[in-house]
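Structural description and commentary
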Amino acid sequence: MKRRSLVFGAAAATLARPAIGGSTSNLNFVPQAALSSIDPVWTSAMTVRNFGMMVFETLYGRDAAMNPKPQMLAGELIEDDGKSRTMKLRDGLRFHDGEPVLARDCVASLRRWMKRDPVGATIEARVDTLEAPDDRTIVWRLSKPFPHLPKALSKFQTAAVIMPARIAATDPFKQIPEAIGCGPFRFLASEQVIGSFASFAKNERYVPRNEPPSFTAGGHQVHLDRIEWHMIPDAGTSANALITGEIDWIEMPVPDLLPMMRRAGVVTERLDDWGFISQLRPNHLIAPTSNLGVRRAIMAAINQRDVMEALMGGDPDGWMVPVGCLVTGKPEVDQAGIENVSKSHSIDQVKAMLDKAGYNGERLVLLHTTDQPFHAASSTVVADALTRVGMRIDDQAMDWGTTLQRR
C-alpha cells in the first residue's frame, strides 16, 4: 500500500449551532479558520471548500449515502461502452452577474479543475475531446471508459465547481481574481475584510432542483437573506460571543470550552460521526522526507494517542485511535495499514530506523499553523516527538493563510 500521508487519528468534529426559525433572515457564523482564498480549486482548505459550496455549483452532487446525483444537469446519455458521455444542462441556470451558464463555461471550468485535482488528472489522461457543441450540451469522448466520472465530478473537496469561462481561464496554479458562481449565495466581495470578515447574500436568481435536499445533492432551499462570517481567532472570545447572542453558530469550537458552553444552554452536535482524519503530509520531493526510510521513522515516532489528546482533550468520546488510511465503519477498509500506526516504538528503535535510512541531521522544516488551535496543538506534539528521536526540526510558526501559500 502506498500512503501519501501519516495518519494521526480521527477527531469527531463538533459544532455549536443556532436554532434557525422561520423568521430568521441573517446568520452570524464563525468558521473554523480565516477565509484564506476564494478559489476552491486552488486549495483543499476546508473553509475554502465551504465557501465554494455556497457560491458555486457542480454538475453532480452527492446524496447522504455518498451516491452521485445530477445537480446542474438535466440528464446524461452514455454511449460507446462508456467512452462517450453527453451531458445536458438544466434550464434557468444563471451566474451571479446575470449571465446564463453555458456549456462552454463548464468545459473551461472542468479543464482548469483537471489540472489541479488528482482524480481530475486521471480523467484528463483519458480525455480525447471535451467540447460544447451548443449552449446546453457537454460532450466527453474518452480513450477508455471511466465509470466513476459522476462520482469524481461530485467531489466536495477540491470540487469541480463551475465558473464563467473568463474566470476559468485563470492559470490553475494561480488564484481566481473573483468568485462568481451560480450557487445559492452571492459573495459580497466589496464587504470582505481579509482574514476577518466575509459576507454572502441570497442569490435571487437561484433555481433549486425540484427534489428534497440530501447532503450536497437535491434542491438547495435558501432560507436566509444574508450570512456573515466573523473570523474570530480566539476560541474563548467566539464562545462568549455565542453565549451572549452576538454570534449564532460556531463551526468548530475548542473541546475544552464545550462543557462551559453547554452549561450556558448552547446546543452542540457532531458534524460527522466518523470525524476528520488528522494528517501530517511530508514533502516527497525533497530531502530528508523524500527518503522512504525517514518517512517510516517519522511515522514510528509519532503516537496517535498523544496527538489526539492534545487536540481533543481527555474525553475519549471525542476521538478514536488507532486509525489507518480511512474511517468508514467497514473493518476490511479501516484495518488496512493499521499495523503501521498501532505498534509503539521506543526512542532508541526510531533512532535506529533513522540511522538505517541514512539520516544525518538534515534540517526538516515544519509548517506550524498557530491561529488554528487543532493544527497548533498537533504541530507542537509532532515537533517534540521528532526532536526527541534526534531529528533537527525547524519549527516555523505562521498563520493558516501563510501555510496554504507555502504548502
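Counting of residues starts from 1 at the beginning of each chain's written sequence and follows it residue by residue. For this predicted model, a pLDDT threshold of at least 70 governs which residues receive local features, and a threshold of 80 or more governs which side-chain atom pairs are given and counted, while totals over whole chains, interfaces and linings are taken from all residues. By convention in this description, side-chain values take in all heavy atoms of the structure and omit both hydrogens and water.

1. Considering the packing of helix α9 (residues 304–312) against helix α13 (residues 373–388)
Worth spelling out the cut-off: Axis geometry follows a simple rule: fit a line to the C-alpha atoms, using only the stretch in contact for helices, then measure angles between N-to-C directions, giving values from 0 to 180 degrees. Helix and strand definitions follow DSSP, with helices as H or I runs of at least four residues and strands as E runs of at least two, each counted in order from the N terminus. Two helices that cross are described as forming a left-handed crossing if the nearer one is turned anticlockwise from the farther one by less than a right angle, and a right-handed crossing if clockwise. It only takes one pair of heavy atoms within 4.5 Å for two residues to be counted as in contact. Gly falls in the polar group here, along with every residue not listed as nonpolar (Ala, Val, Leu, Ile, Met, Phe, Trp, Tyr, Cys, Pro) or charged (Asp, Glu, Lys, Arg).
In contact at an axis separation of 8 Å, α9 and α13 are set at 145° when each is read in the N-to-C sense. Considering only the axes of α9 and α13, their crossing is right-handed. For the pair α9 and α13, the contacting residues are D306, V307, A310, L311 and M312 in the first and F374, A377, S378 and V381 in the second. Its residues assigned to classes, the contact of α9 with α13 shows seven nonpolar, one polar and one charged.

2. Focus: the environment of C106
Stated precisely, the cut-off is as follows: A simple rule labels every residue: compare its accessible area, found with a 1.4 Å probe on the protein chains alone, to the largest value its type can have, and call it buried under 20%, exposed over 50%, or partly exposed in between.
Assignment of secondary structure puts C106 in helix α2 (residues 103–116). Taking relative accessible area as the criterion, C106 reaches 0% and is therefore assigned buried. In the structure, C106 is positioned 151 residues away from L257 in sequence and 44 Å away in space, judged by C-alpha atoms.

3. Some words on α2
Counted only if it meets this: Given the number of residues in a helix, its expected span is that number minus one, multiplied by 1.5 Å.
The terminal C-alpha atoms of α2 lie 21 Å apart, and with 14 residues this matches the ideal 20 Å at 1.5 Å per residue to within 8%. For α2, every residue scored as buried is listed here: A103, D105, C106, V107, A108, S109, L110, R112, W113 and M114.

4. Here we look at the sheet that holds strand β7 (residues 73–79)
What counts here: For two strands to count as paired, DSSP must find a minimum of two bridges between them.
Strand order in the open sheet formed by four strands is β7-β8-β10-β9, and the pairing between neighbours is antiparallel. Of all the strands in the sheet, just β7 and β9 (127–134) have a single pairing partner and so form its edges. Here the strands of the sheet are splayed against their neighbours by 15° on average, with no regard to which way each runs. Here β7 pairs with strand β8 (residues 84–89) via six bridges, running antiparallel. Residue pairing in the sheet places L73 in a bridge with L89 of β8. Running over the sheet, α2 touches β8, β9 and β10 (137–142) and is turned about 155° from β9.

5. What about the nonpolar core?
For soluble globular proteins, nonpolar side chains are generally found buried alongside one another. Our working definition: We call a set of buried Ala, Val, Leu, Ile, Met, Phe, Trp, Tyr and Cys residues a nonpolar core when their side-chain atoms join them within 4.5 Å.
One finds F51, L59, I138, W140, L153, F200 and W229 to be the most contacted residues of the largest nonpolar core, which totals 60 residues. Looking at which element gives the most residues to this core, the answer is α2, with seven residues. In contact with W229, not counting residues within four places along its chain, are F29, P31, L35, T47, N50, F51, M54, S196, F197, A198 and F200.

6. Thoughts on helix α1 (residues 46–55)
Taking burial as the measure, the 10 residues of α1 include eight buried ones, the bulk of the element. When α1 is considered as a whole, its buried residues turn out to be T47, V48, R49, N50, F51, G52, M54 and V55. Contact partners of the buried residues in α1: β12 (185–187), β13 (197–202) and β14 (226–230).

7. Considering the confidence of the model for the chain
Applicable threshold: Confidence of the predictor at the level of single residues is captured by pLDDT, which takes values from 0 to 100.
Taken as a whole, the chain shows an average pLDDT of 90; of its residues, 94% reach a score of 70 or greater. Within the model, the stretch residues 1–5 combines pLDDT values under 50 with 18 contacts to residues more than four positions away or in other chains.

8. Quick word on the packing of aromatic side chains
Applicable threshold: Pairing of aromatic rings covers Phe, Tyr and the six-membered ring of Trp, with a centre-to-centre limit of 6.5 Å; geometry is then stacked below 30 degrees between planes, edge-to-face above 60, and tilted otherwise.
Applying the stated rule across the entire model yields seven aromatic pairs. Between the aromatic rings of F29 and W249, the centroid separation amounts to 5.7 Å while the plane-to-plane angle is 85°, which identifies the pairing as edge-to-face. Here the residue F29 occupies a position in strand β3 (residues 26–30), and W249 occupies one in strand β15 (residues 249–250), the gap between them amounting to 220 residues. Under the relative-accessibility criterion, W249 is labelled partly exposed at 23%. Ring centres of F200 and W229 lie 5.2 Å apart, and the angle between their planes is 55°; on these two criteria the pair is classed as tilted.

9. Considering the side chain of T216
Quick note on the threshold: In the analysis that follows, any N or O atom pair within 3.5 Å is treated as a polar contact, provided that within protein one partner can donate a hydrogen and the other can accept it, and provided that, for residues neighboring in sequence, both atoms belong to side chains.
Along the chain, T216 turns up in the loop between β13 and β14. The exposure class of T216 is buried, given its relative accessible area of 14%. At 2.7 Å, the side chain of T216 forms a polar contact with the backbone nitrogen of R62. Apart from residues no more than four positions distant in its own chain, T216 is found in contact with M53, G61, R62, Q71 and F156.

10. Considerations on unusual backbone geometry
Omega for the bond connecting A287 with P288 falls within 30 degrees of zero, at 5°, which places this linkage in the cis form. Tracing the sequence through the fold places P288 in the loop between β17 (276–280) and α8 (292–301). Cis geometry marks the peptide bond from V321 to P322; its omega dihedral reads -5°. Secondary-structure assignment places P322 in the loop between β18 (319–320) and α10 (331–334). Positive phi values are uncommon outside glycine, yet M66 reaches one of about 70°. In the Ramachandran plot, D80 falls in the positive-phi region, its phi being about 55° despite a non-glycine side chain. Turning to its location among the elements, D80 is positioned in the loop between β7 and β8.

11. Some remarks on the packing of α8 against helix α12 (residues 347–357)
Helix packing geometry: the angle between the two helix axes and the distance between the axes. Heads up, the condition is: Should an angle fall under 35 degrees it is taken as roughly parallel, and over 145 as roughly antiparallel, whereas 65 to 115 is taken as roughly perpendicular and any remaining angle as oblique.
Contact geometry for α8 and α12: axes closest at 8 Å, N-to-C directions at 170°. As the angle between them shows, α8 and α12 are arranged roughly antiparallel. Contact with α8, carried on its side by G293, V294, R296, A297, A300 and A301, involves V350, M353, L354 and A357 of α12 and no other residues of that element. When grouped by side-chain class, the residues that make up the contact of α8 with α12 number eight nonpolar, one polar and one charged.

12. Thoughts on the pattern of salt bridges
Inclusion rule: One side-chain nitrogen of Lys or Arg within 4 Å of one carboxyl oxygen of Asp or Glu is enough to make a salt bridge.
Evaluation of the coordinates by the stated rule reveals 15 salt bridges. Close ionic contact of R141 with E131 constitutes a salt bridge, the shortest N to O distance being 2.6 Å. Remark: E131 occurs in strand β9 and R141 occurs in strand β10; sequence separation between them is 10 residues.

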